[in-house]
Amino acid sequence: MSDDIEELIRMANQIATFFQAYPEEEAVNGTAEHIRDFWTSAMRARLDRYVADNGTGLHPLVTRAMGHLQQAA
Amino acid sequence: MALLVEPDFGTPKRETEKTVTVQINGRTITVPEGTSVMRAASELGQDIPKLCATDMVNAWGSCRMCLVEIDGVRGTPASCTTPVREGMSVRTQTPRLEKIRRGVMELYISDHPLDCLTCAANGDCELQDTAGEVGLRDVRYGFQGEKHFAEAAEPKDESNPYFHFDSSKCIVCSRCVRACEEVQGTFALTIQGRGFDSKVSAGTASDNFFGSECVSCGACVQACPTATLMEKSVYDHGVPNRSVLTTCAYCGVGCSFKAEMQGDQVVRMVPYKDGGANEGHSCVKGRFAWGYATHKDRITTPMVRDKITDPWRKVSWDEAIAFAADRFKSIQQKYGNGSIGGITSSRCTNEEVFVVQKMIRAAFGNNNVDTCARVCHSPTGYGLKTTFGTSAGTQNFKSVEKADVILVIGANPTDGHPVFASRMKKRLRAGAKLIVADPRKIDLVRSPHVSASHHIQLRPGTNVALMNALAHVVVTEGLVDEEFVAERCEEADFARWRAFVAEARNAPEALSEKIGVDPQTIREAARLYATGKNGAIYYGLGVTEHSQGSTMVMAMANLAMATGNIGREGVGVNPLRGQNNVQGSCDMGSFPHELPGYRHVADAVARGTFEADWDVTLSPEPGLRIPNMFAAALDGSFRGLFVQGEDIAQSDPNTHHVTAALESMECIVVQDLFLNETAAFAQVFLPGTSFLEKDGTFTNAERRINRVRPVMTEQSGLSEWEVVARLSRAMGYDMHYSSSSEIMDEIARLTPTFSGVSFARLDRDGSLQWPVNDKAPNGTPTMHVAGFVRGKGRFMITEYVPTEERTNRSFPLILTTGRILSQYNVGAQTRRTENSRWHETDVLEIHPFDAEERGIADGDRVSIQSRKGAVSLPAQISERMPQGVVYTTFHHPVSGANVITTEFSDWATNCPEYKVTAVQIVRSNQPSDWQVAYEEIKRTNYRTESEPAE
């Protein structure tokens, strides 16, 4: 795994860890909105590809949030 | 303007609604109850002679110069200590009073050196002026007093680098002693001896000023009516003859100063009494440490080079700008539009920051703009916007005068924000209670006449756990302000939060082991904050620079809302901003996701406003944050960077990572005063302007927009905004301004919270606190008074999540970083002043037990090793540290404090976790590998081509 995806995974998991205190749908939305509002499209695309590959090590909320963002796109 | 001499009313202003009407010399005046006769007379324009009185301190009544006659009162009372009474009739000038005053003045002069013509205070001496006022014509006691003439006098104390103390000139009025006590709150000075032997002393008889407790704030010098305490710069140059009102460029307090000048020469900086932030007070940095502006290290000619190991080549502005633009355009052609970006600086004006972010968005064509607030207060922006609706502190500084309980968390105001700390200490001496939450025993915990009710000496990284425990007590002990919450906050969010913090796992007893503080202390602190009437929270980077920085800001906002401590004077959640224009640089759209005024780039309406005004299409996509820029540089997609007045190579965490990223880029443009650490990796250097050359505005931590006025012309010949406009034009975007005032007009036009701001308005009103708009035409000292900016306050759930940075057997200690009074941030400015005499090197503070366990003695050189790197520093054994925690500052680049810090960062904003790094300390007798390499870079990357021989 390259350094850049490791860093994105860590950041995404941190975001999900904050929102996991909320009911699941809110947590998914919160995570998705945060990534949408603060990440560049290249960072989102990189994480998207990682989710599509296998998504190992990602918080489940991140996986769902990325799916959410893809649907909205 | 001519020299601005502010009126001295003799005694402080009283603030009360009740008024009293009196007659003075037959004229009627109405003043607040408690006003002195002296002040009332002065307000009438009928000054009474005085020596020991000045309106910066309370009346003392010792000099007997200000006597008056009052109908129905026997004798001649001192007007400074006599408060007005309703119907009082006062005479300030009668033959009897004249005679008494002249007699008193004779006594003073009989023991004063009469070297007026060669005295440094000649033309600026109250003793001299008063002698003239009272008509002194003769001294019956002769001129043989002990203090007469130099041969009899004690030698001057010239130990302080900025002022001297000449006791032979002293009239023992105690103004300096009282200023040190009442204004600064340090209590460093005293009157030693009795009668004719009385003299001012900085502590014990063997102390001089430099070695004393004196913090060199300058209040005593300002208060001194003679040349006893006098700036050395006045001694060297003479008294100034013109003033320029401007704003300090150091911390986020944003003090107003009179730059007192002779021609283009700054003679001294004197704090301005009408300055809203400082009200006439200053610290050692703002008052004295401005010499860097004309330091020999200043680079005033643009320079370029092809490679970072080439010597710098001095070029014209046109060549430098063309060089930078060509490189940036070439990078974009090769790697794409998003391959370049820029960083704005909190040391620059709002106008300078605004044009840089505009250049990046409009000329670079992307949103890759970030600011140094990323590494300090970005969590403040996120946390306060989420809970309250706006990215700013809630109060003005004056609000602290109404606080009853002050909760200081992760801030060290006496070092970091000294002028505000003095205001806070004044309130504490008047009876407000203090709670300090900090791993270190900072000065506020116990200093003269200030003692914290509770020092919560928590473990670094457990802030959120502490706030949850405090909130648990508030919720479970019935201390919630139910009426406030019901009326002002989102009901569902509050209910959810209440249930969360009430859980047993958030009780102090459950969290005390993690926090490292006994639960009873936490309970008592929570009760004190919640029930002590006005509870005010002040915080600093000890809150934000954590992996849960944003969570912590929200947790504090939760606590303030739950206890109703928002929306009036004396309360609030108040960030103490690190640099002078952190607030302003954030306001000006320096974040990659936000346009000026904190509007998201994806907001089509807001973006459309800018597009119409700037005649350009803007990207709706968030750009790269600083850490993302470094990552993208290392993966090859980010190749060019414009850095305005920031030293990322020194200030950002994990130096190896940062410098590797900088080395990998093709073009770095640094706009700065000095060849800083980042410049070692740059290809273009564009000389910047010091605050003494800038024309613009700074916005301080209380949202106060203050004018910064030039006192001298730009040493480089161009303003920074003009340089940016030229670069922008060279990049293909037509940016033109005729003045910085015009830039502010554009800011006001495009930013709703600034819509009522203009230079003309600021020149008229002094300063304004945003929002300044139709709803608040005179600004907004206190936010969220009738309702929150977002409508209703939003409680957020703040689960405590321990940092990933963990101690273990290899790295058993936690390193935390901070700053010291005499130095500022990366030290680029203060290291080039005499302030370095107080802090010539960074040191590692370590608890005696931790030191002993490692065989470390005070002053030993030690190696500090983390998972990221190692540096070595001298050790200082300190009882201020708790066991298991060590501390250092990052003011000297060779210290390499950020070689050790990690890439861990706040979950919401990527603000680095500077405050928690697991380290090991061992004795060492040599610099680290990084420090050796650093010295080599100094030799290779800073060379300048020699000038051709004429």
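Please read all numbers here as calculations on a predicted model, not as lab measurements. (Residues numbered from 1 in each chain as written. Chains lettered and ligands numbered in written order. Predicted model: local features only at pLDDT ≥ 70, side-chain atom pairs only at ≥ 80, totals over all residues. Heavy atoms only, no water.)

Peer 1: With reference to specific residues and values, describe the overall build of chain B.
Peer 2: Each helix and strand counted, chain B has 31 helices and 36 strands in total. The 950 residues of chain B split such that 65% are buried. Entry remark: accessible area of chain B is about 33200 Å², with carbon and sulfur atoms responsible for 49%. The distance from the centre of the 100 positive side-chain charges to the centre of the 116 negative ones in chain B is 3 Å. (Helix = DSSP H or I, 4+ residues; strand = E, 2+ residues; numbered from the N terminus. Buried < 20%, exposed > 50% of the residue type's maximum accessible area, 1.4 Å probe, protein only. Areas by Shrake-Rupley, 256 points an atom, 1.4 Å probe, with all protein chains shown as cover. Lys, Arg positive; Asp, Glu negative; His and termini not counted. Charge placed at Lys NZ, Arg CZ, Asp CG, Glu CD.)

Peer 1: Describe the nonpolar core, naming the residues involved and giving the relevant values.
Peer 2: One finds Trp39 of chain A together with Ile409, Met556, Leu641 and Leu662 of chain B to be the most contacted residues of the largest nonpolar core, which totals 114 residues. Lining this core are residues from two domains, each supplying at least three of them: domain 2 (303–376 + 581–769) and domain 3 (390–410 + 423–566) of chain B. For Ile409 of chain B, the residues in contact, after removing those within four places along its chain, are Ala437, Met467, Ile537, Tyr538, Tyr539, Gly540, Val543, Met552 and Met556 of chain B. One finds Ala277, Ile406, Val408 and Ala536 of chain B within the second-largest nonpolar core, a separate group that totals 71 residues. (Core = buried A, V, L, I, M, F, W, Y, C linked by side-chain atoms within 4.5 Å. Domains from an automatic or database assignment. Contact = heavy atoms within 4.5 Å.)

Peer 1: Tell me what's going on with the sheet that holds strand S11 (residues 265–271) of chain B, and back it up with residues and numbers.
Peer 2: Residues and elements named next belong to chain B. Read across the open sheet, the 3 strands follow the order S9-S10-S11; overall the sheet is antiparallel. Unpaired on one side and paired on the other, strand S9 (242–247) and S11 mark the two borders of the sheet. Between one strand and the next, the sheet's axes are offset by a mean angle of 30°, whatever the strand orientation. Bridge count for strand S10 (residues 256–262) against S11 is 6 bridges, and the pairing is antiparallel. By the bridge assignment, Phe257 is partnered in S11 with Pro271. (Pairing = 2+ DSSP bridges. Axes fitted to C-alpha atoms, helices over the stretch in contact; angles between N-to-C directions.)

Peer 1: Which residues make up the interface of chain A and chain B, and what are the values?
Peer 2: Across the boundary between the two partners, chain A contributes 22 residues, which contact 27 residues of chain B. With both chains or domains summed, chain A and chain B bury close to 2000 Å², and 57% of this area falls on carbon and sulfur atoms. Among the residues of chain A in contact with chain B, Phe18, Tyr22 and Phe38 of chain A are the three that bury the most area, contributing 31% of the side total. Across the contact surface, chain A and chain B share 2 salt bridges. Between Glu621 of chain B and Arg44 of chain A there is a salt bridge; the shortest N-O distance is 3.0 Å. Between the two partners, chain A and chain B, sit 7 residue pairs in polar contact (both at pLDDT 80 or more). Sorting the residues of the side of chain A that touches chain B by element identifies helix H1 (3–19), helix H2 (24–38) and helix H3 (41–53) of chain A as the ones contributing at least two each. Tallying contributions element by element places H1 of chain A first for the side of chain A that touches chain B, with 9 residues. (Buried area = accessible area lost by both parts, 1.4 Å probe. Salt bridge = Lys/Arg side-chain N within 4 Å of Asp/Glu carboxyl O. Polar contact = N/O pair within 3.5 Å; in protein donor to acceptor, adjacent residues only side chain to side chain.)

Peer 1: Kindly report on helix H2 (residues 95–110) of chain B, identifying the contributing residues and their values.
Peer 2: All names here are of chain B. Helix length check: H2, at 16 residues, gives a terminal C-alpha distance of 22 Å against a target of 22 Å (1.5 Å per residue), a fit within 8%. For H2, the set of buried residues is Leu97, Arg101, Gly103, Val104, Met105, Glu106, Tyr108, Ile109 and Ser110. Packing partners of the buried residues in H2 comprise strand S3 (69–70), strand S4 (89–91) and helix H3 (126–133). (Expected span 1.5 Å × (residues − 1).)

Peer 1: Can you tell me about unusual backbone geometry, naming the residues and giving the values?
Peer 2: All names here are of chain B. Omega for the bond connecting Trp770 with Pro771 falls within 30 degrees of zero, at 0°, which places this linkage in the cis form. On the secondary structure map, Pro771 appears in the loop between strand S30 (767–769) and strand S31 (813–818). Of note in the backbone geometry, Asn25 takes a positive phi value of approximately 50° without being a glycine. With respect to the secondary-structure elements, Asn25 resides in the loop between strand S1 (19–24) and strand S2 (27–32). At Ser174, a residue that is not glycine, the phi angle is positive and equals roughly 70°. On the basis of relative accessible area, Ser174 is assigned to the buried category, the value being 6%.

Peer 1: Quick rundown of the sheet that holds strand S12 (residues 303–304) of chain B? Include the residues and the values.
Peer 2: Hydrogen bonds between backbone atoms are what pair the strands of a sheet, whose relative direction is either parallel or antiparallel. Residue and element names in this part refer to chain B. As summarised here, the arrangement of the 7 strands in space is S13-S12-S27-S26-S25-S14-S15, forming an open sheet in which the pairing is mixed. Each of the sheet's edge strands pairs with one partner strand only, and the pair in question is strand S13 (313–314) and strand S15 (369–371). As judged from the 4 bridges shared by strand S26 (residues 667–672) and strand S27 (residues 684–687), these two strands associate in the parallel manner. Paired with Asp672 across the strands is Pro687, a residue of S27. The strands touched by helix H9 (residues 317–335) within the sheet are S12, S13, strand S14 (340–344), strand S25 (640–644), S26 and S27, with S27 carrying the most contacts at an inclination of about 135°.

Peer 1: Go over the side chain of Arg44 of chain A, please, and point to the residues and values.
Peer 2: Here Arg44 of chain A shows up in helix H3. Within polar-contact distance, the side chain of Arg44 of chain A engages the backbone oxygen of Arg36 of chain A at 3.4 Å. With residues up to four places along the chain from it excluded, the contact list for Arg44 of chain A reads Ile35, Arg36, Trp39, Met66 and Leu69 of chain A together with Glu621 and Pro622 of chain B.

Peer 1: Talk me through the packing of aromatic side chains; I want residue IDs and the actual numbers.
Peer 2: The geometry of two aromatic rings is summed up by the distance between their centres and the angle between their planes. Residues and elements named next belong to chain B. For the coordinates displayed, the defined rule picks out 28 aromatic pairs over all chains. Between Phe163 and Phe209 the ring centres are 5.5 Å apart and the planes differ by 85°, which places this aromatic pair in the edge-to-face class. On the criterion of sequence distance, the pair formed by Phe163 in strand S5 (residues 163–165) and Phe209 in the loop between strand S7 (199–201) and helix H6 (219–223) is long-range, its members being 46 residues apart. What makes Phe163 buried here is its relative accessible area of 1%. Using a relative accessible area of 3% as the deciding quantity, one classes Phe209 as buried. Taken together, the ring pairs connect Tyr162, Phe163, Phe165, Phe209, Phe210, Phe288 and Trp838 into an aromatic cluster. Over the ring of Tyr335 we find Arg639, and its NZ or CZ is 4.9 Å from the ring centre. (Phe/Tyr/Trp six-rings, centres within 6.5 Å; stacked < 30°, edge-to-face > 60°. Lys NZ or Arg CZ within 6 Å of the ring centre and 35° of its normal.)

Peer 1: Explain the state of the cysteines residue by residue, including any values.
Peer 2: All names here are of chain B. Under the definition given, this model contains 0 disulfides over all chains. The thiol sulfur of Cys586 is not disulfide-bonded, and the nearest other cysteine sulfur, from Cys376, lies at 7.0 Å. Given a relative accessible area of 5%, Cys586 falls into the buried group. (Disulfide = S-S within 2.5 Å.)

Peer 1: Lay out the pattern of salt bridges in plain terms, naming residues and giving numbers.
Peer 2: All names here are of chain B. By the definition in use, this model includes 73 salt bridges over all chains. The partner of Asp765 in a salt bridge is Arg761, and the shortest N-O contact between them spans 2.7 Å. Note that Asp765 and Arg761 are positioned in helix H28 (residues 759–765) at a spacing of 4 residues, about one turn of the helix. The buried category is assigned to Arg761, whose relative accessible area is 13%. A salt bridge links Glu903 to Lys868; the nearest nitrogen and oxygen atoms lie 3.1 Å apart. Of the two residues, Glu903 is situated in the loop between helix H30 (897–900) and strand S36 (917–923) and Lys868 in the loop between strand S33 (861–866) and strand S34 (870–877); the sequence distance between them amounts to 35 residues. Look at Glu903 and you get partly exposed, because its relative accessible area is 30%.

Peer 1: So, the pairing of strand S28 (residues 696–699) of chain B: which residues are in play, and what are the values?
Peer 2: Residue and element names in this part refer to chain B. Judged by which residues are buried, S28 turns out to be covered on both faces: Gly696 and Phe698 on one side and Thr697 and Thr699 on the other are all buried. Bridge analysis of S28 against strand S29 (residues 704–708) gives 4 bridges, and the strand direction is antiparallel. What sits directly across from Gly696, in S29, is Val708. Here S28 hands over to S29 after 4 residues, with Arg703 in that stretch at a positive phi of 65°.

Peer 1: Describe helix H18 (residues 519–531) of chain B, naming the residues involved and giving the relevant values.
Peer 2: All names here are of chain B. For H18, built from 13 residues, the straight-helix expectation of 18 Å at 1.5 Å per residue is met to within 8% by its first-to-last C-alpha distance of 18 Å. At the N-terminal end of H18, a side-chain oxygen is found 3.1 Å from the backbone nitrogen of Gln520, two or three residues along, and the residue is Asp518. Immediately downstream of H18, the backbone of Lys533 shows phi near 70°, a positive value.

Structural measurements only, silent on function.
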